[in-house]
Amino acid sequence: MSPRAAKRKTAASVALGERVKALRQGIDGATQERVAQLAGIDLTNYGDIERGFGNPTFETLLRIAGVLKVPASKLIDGLSRSDLPDEDPELTVADFIEARKQQRRVARG
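First things first, this report covers the structure right here in the doc. Since the model is a prediction, treat every value here as computed from it, not as a measurement. (Residues numbered from 1 in each chain as written. Predicted model: local features only at pLDDT ≥ 70, side-chain atom pairs only at ≥ 80, totals over all residues. Heavy atoms only, no water.)

## Comments concerning helix H5 (residues 58-68)
In step 1: Of the positions making up H5, those classed as buried are Thr60, Leu61, Ile64, Ala65, Val67 and Leu68. The buried residues of H5 occupy one face: seen down the axis, they fall within an arc of 160 degrees.
In step 2: Against the buried residues of H5 lie helix H2 (11-25), helix H3 (32-39), helix H4 (43-50) and helix H6 (72-76). (Buried < 20%, exposed > 50% of the residue type's maximum accessible area, 1.4 Å probe, protein only. Helix = DSSP H or I, 4+ residues; strand = E, 2+ residues; numbered from the N terminus. Arc of directions from axis to C-beta. Contact = heavy atoms within 4.5 Å.)

Written out as structure tokens, the structure reads:
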């Protein structure tokens, strides 16, 4: 399987990509290559982010936001867990704590 085939789009990654692309296009002469270079990230990874395939690290988001001269919050504002696929089991902190308590009870016998 090619690396691109392994990547997937989510509503969150698409929204992020659209925001990054729109902000870049709002800067006269800013190309994907130039933004990636200034942010210190690989061009392919940057392109994936704009196309909605990227899952950038927090540091990468900060770098991109810095080049685009916006707060990182502008890139993710309004996005939430509901923008991610439901494939992953949802576990709350309370659920986790309760599961740990049950494990300890079982371990004590």
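## A few points about the packing of H3 against H5
In step 1: At a minimum axis separation of 9 Å, H3 and H5 run at an interaxial angle of 120 degrees. With respect to their mutual orientation, H3 and H5 come out oblique. For H3 against H5, the interelement crossing comes out right-handed. Residues Val35, Leu38 and Ala39 of H3 form the contact with H5, whose own contacting residues are Arg63, Ile64, Val67 and Leu68. (Axes fitted to C-alpha atoms, helices over the stretch in contact; angles between N-to-C directions. Parallel < 35°, antiparallel > 145°, perpendicular 65-115°, else oblique. Left-handed = near helix turned anticlockwise from the far one by under 90°.)

## What about the side chain of Ser13?
In step 1: Relative to the helices and strands, Ser13 is located in helix H2.
In step 2: Classification of Ser13 as buried rests on a relative accessible area of 7%.
In step 3: Of note is the side chain of Ser13, whose polar atom sits 2.8 Å from the backbone nitrogen of Thr10.
In step 4: With near-sequence residues (within four places) excluded, Ser13 lies in contact with Arg8, Ile49, Gly52 and Gly54. (Polar contact = N/O pair within 3.5 Å; in protein donor to acceptor, adjacent residues only side chain to side chain.)

## Focus on the pattern of salt bridges
Once the charged atoms of two side chains with opposite charge are near each other, the side chains can pair.
In step 1: Overall, the coordinates contain 4 salt bridges when judged by the stated rule.
In step 2: For Arg24, the salt bridge goes to Glu50, with nearest N and O atoms at 2.5 Å. On the criterion of sequence distance, the pair formed by Arg24 in helix H2 and Glu50 in helix H4 is long-range, its members being 26 residues apart.
In step 3: What makes Arg24 buried here is its relative accessible area of 9%.
In step 4: We note a salt bridge from Glu59 to Arg63, for which the minimum N-O separation is 2.8 Å. Of this pair, Glu59 and Arg63 both sit in helix H5, 4 residues apart, which is roughly one turn of that helix.
In step 5: When its relative accessible area of 48% is taken as the criterion, Glu59 is described as partly exposed.
In step 6: Residue classification places Arg63 among the partly exposed residues on the basis of a relative accessible area of 37%. (Salt bridge = Lys/Arg side-chain N within 4 Å of Asp/Glu carboxyl O.)

## Digging into the environment of Ala39
In step 1: Its location among the elements puts Ala39 in helix H3.
In step 2: Residue Ala39 is classed as buried on the basis of its relative accessible area of 3%.
In step 3: For Ala39, the residues in contact, after removing those within four places along its chain, are Arg63, Ile64 and Val67.

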